Amino acid sequence: MLKKLGMWLLMAAPVVGFAQSEVEFLPHSLHADSLKADLTVLTSREMAGRGTGQSGYQQAANFVAARLQAWGLQPFENMPLVEDGNPFGLSVPYHASQLKGASFRVGKRKFKFATDFFVSGSLANGIIDFDEMVVVGYGKSVEKGEGMFDAAAVKGKWVLAAPATLNAQAELEETFWREQYRQLVNAGASGIVLMHPAYKKESPALLERMLEERISLQKTETEKANAVGSVPVVVLSPKAYKRLLRLLKVKQRAMLNRPADFASGKEVRRKAMRLQVDLVERDFEAPNVAAFVRGTDESNEWILLSAHLDHLGEHHGKVFQGADDNGSGSVALMSVARQLAEWRDMGLQPRRNIALVWFSGEENGLLGSRYFSQNMPMAADLVATNINVDMIGRFDDKHDTTSRYLYLIGADRISQELHDVGEAVNARCCNLELDYTYNDPKDPNRYYFRSDHYNFAKLGIPSVFYFSGVHADYHKETDTIEKINFRRMAYITEYLLYTTWELANRNNRPKPNK
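Residues numbered from 1 in each chain as written. Predicted model: local features only at pLDDT ≥ 70, side-chain atom pairs only at ≥ 80, totals over all residues. Heavy atoms only, no water.

Caption draft 1: Quick look at the overall build of the protein chain. For the protein chain, the helix and strand inventory stands at 14 helices and 17 strands. Within the protein chain, the proportion of its 514 residues that are buried is 54%. In the protein chain, 83% of the contacts between residues at least 6 apart in sequence involve partners at least 24 apart. Surface exposure of the protein chain reaches about 23200 Å², of which carbon and sulfur atoms provide 50%. (Helix = DSSP H or I, 4+ residues; strand = E, 2+ residues; numbered from the N terminus. Buried < 20%, exposed > 50% of the residue type's maximum accessible area, 1.4 Å probe, protein only. Contact = heavy atoms within 4.5 Å. Areas by Shrake-Rupley, 256 points an atom, 1.4 Å probe, with all protein chains shown as cover.)

Caption draft 2: The arrangement of the confidence of the model for the protein chain in detail. Chain-level pLDDT for the protein chain is 89 on average; 88% of the residues reach the 70-or-more range. For residues 1–19, every residue scores under 50 in pLDDT, and the model assigns this stretch 43 contacts once sequence neighbours within four places are set aside. (pLDDT = per-residue confidence, 0-100.)

Caption draft 3: Summary view of empty space enclosed by the protein. Summed over all chains, the structure comprises two cavities of 30 Å³ or more. What the largest cavity holds in volume is close to 60 Å³. Counting only elements with at least two residues in the lining of the largest cavity, the list comes to helix 12 (416–429), strand 17 (463–467) and helix 14 (486–505). The class makeup of the residues in the lining of the largest cavity is eight nonpolar, three polar and no charged. (1 Å grid on protein atoms, 1.4 Å probe; cavity = no way out; pocket = protein on both sides within 12 Å on 5 of 7 lines; lining within 4 Å. Points joined across faces, edges and corners; volume = space filled by probe spheres on them. Nonpolar A, V, L, I, M, F, W, Y, C, P; charged D, E, K, R; others polar.)

Caption draft 4: Region of interest: the environment of F118. Within the secondary structure layout, F118 lies in strand 3 (residues 117–121). With a relative accessible area of 3%, F118 lands in the buried category. Once the C-alpha coordinates of F118 and V235 are considered, the two residues, 117 residues apart in sequence, prove to be 5.4 Å apart. The contact partners of F118, leaving out residues within four places of it in the chain, are F113, Y199, L206, L207, M210, V233, V234 and V235.

Caption draft 5: Structural context of a positive patch on the surface. Taken together, R109, K239, K242 and R246 make up a surface patch of like positive charges. With respect to the element layout, K242 can be found in helix 7 (residues 238–247). Look at K242 and you get partly exposed, because its relative accessible area is 42%. (Patch = residues over 30% accessible without salt bridge, like charges linked within 9 Å, V, L, I, M, F, W, Y side chains within 5 Å. Salt bridge = Lys/Arg side-chain N within 4 Å of Asp/Glu carboxyl O. Lys, Arg positive; Asp, Glu negative; His and termini not counted. Charge placed at Lys NZ, Arg CZ, Asp CG, Glu CD.)

Caption draft 6: Representation of the layout of surface pockets. Approximately 210 Å³ is the volume attributed to the second largest pocket. If you go around the second largest pocket, you meet 14 residues; those closest to its centre are E362, E363, D390, R450 and Y474.

Caption draft 7: Structural view of the packing of aromatic side chains. Following the criterion strictly, the structure yields 26 aromatic pairs and no others. Where F130 meets W158, the ring centres are 4.5 Å apart and the plane angle is 5°; that geometry is what we call stacked. With F130 in strand 4 (residues 126–137) and W158 in strand 5 (residues 158–161), this pair connects stretches of sequence that are 28 residues apart. Accessibility classification places F130 together with W158 in one group, the buried group. Between Y438 and F467 the ring centres are 6.2 Å apart and the planes differ by 55°, which places this aromatic pair in the tilted class. With Y438 in the loop between strand 16 (433–435) and helix 13 (453–457) and F467 in strand 17, the pair connects residues that are 29 residues apart, well separated along the chain. Taken individually, Y438 and F467 each receive the classification buried, so the pair is uniform in this respect. Here the aromatic cluster, defined as three or more aromatic residues joined through ring pairs, consists of F395, Y405, Y407, Y438, Y447, F465 and F467. Across the ring face of Y448, the terminal group of R413 is positioned such that the distance to the ring centre comes to 4.1 Å. Sitting above the plane of the F395 ring, R488 keeps its charged end 5.0 Å from the centroid. (Phe/Tyr/Trp six-rings, centres within 6.5 Å; stacked < 30°, edge-to-face > 60°. Lys NZ or Arg CZ within 6 Å of the ring centre and 35° of its normal.)

Caption draft 8: Region of interest: the packing of helix 1 (residues 32–42) against helix 2 (residues 55–71). In contact at an axis separation of 10 Å, helix 1 and helix 2 are set at 145° when each is read in the N-to-C sense. Between helix 1, through D38, V41 and L42, and helix 2, the contact on the second element is made entirely by A60, F63 and R67. The residue makeup of the contact of helix 1 with helix 2, split by class, is four nonpolar, no polar and two charged. (Axes fitted to C-alpha atoms, helices over the stretch in contact; angles between N-to-C directions.)

In structure tokens form, the structure reads like this:
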């Protein structure tokens, strides 16, 4: 049950009798109504799904920043800011590219984009001319630990690879395709041509995805100079692939059923070939929104709270509100920020500093948090813990709507003490059903690697991910505010608040596992 201000104020002090939970919990003013009010703004038409690189995201960032400023939280100084003057908007440099089309020609034969092929991998706008192709098939016969492809034969060359394979469910065997791609790239191939065996069935969805704007972090000049690990890929339909084999005088059965004889030189086909890519590119910045509450300890340690503010945005006239993903986590963090400001105004400061960051670019590959983790305003070894909140507003199919469950992911991966603190706080304040299903390292969903906490876990920072699970509206237009359970959000936000306060005030930070 939520507590309201107006109760007698309890000072933060050690409490005898709690071996793991050391801090007295203060009364708070968290309420489902304020969560709903903030989420109503973040899911409004003006925010347009908060897509990184779209105007709606900037509107959302400005909304959060305006609240932080009104509550009197401190911005980070001496950090690059976005150009709009937002003191809480830490600049993240992004690069966007959008494929508009492509053409592929072998000799005089032209292959038609979309009908015959699509392009993937690392693409650059312009023309690539080449006059020979190495036929690698499935590669050479190898002993365990060896590579499938001969680097001396394929380095600097375009290669014709064997078709990708389908599994028993007639789905692309992506493990093989990725391994084939990885080994060819490591061997130094300049480009890859292969066949998708289910091209007709899957190409519409694949093409739609390929034609969307793709966002990455801008590369530094050093990164550009040292860039490895990605090459362009031409993916042909079965019909176009067979046509190409005939043009290059390659017997399909022979290529697929025997290892490539690289030493013979017979695997090389010479013919004028051209790939032309029409790619529109732009650089832009989008902020991570960040603020902090100053602690009293001279140790200058930090508790880092995070949630991604972005979602999928607007595409083809469709708006993806992202009410649960991750409007829910974003407004929970806002409520915690408001409560910390109220306590501060009453003269109650935490011992450790508490940073709150709303990340951009999560939906594009955890980009905003990656950039922040590489450019933090504090030393990484001063960050005692990261708590990341992503999708806490709905019930999944595994729990009924009366359940007070919450998935905790990753708490014990780096520090068993962080796990123990979470359990002890819950026992005192909230009585949630803490569910560790997705914390299993063998869990096939691999959620531990799929939200922003992971970029901090990679630095050895004890990190935990709060999550309510997926649902039928995940990454769809139907992830809307009327489906959010704000009562549920409120008690999870209370747990977040008290766990944060515990970690910020206890004598010792969570120790890494030995």
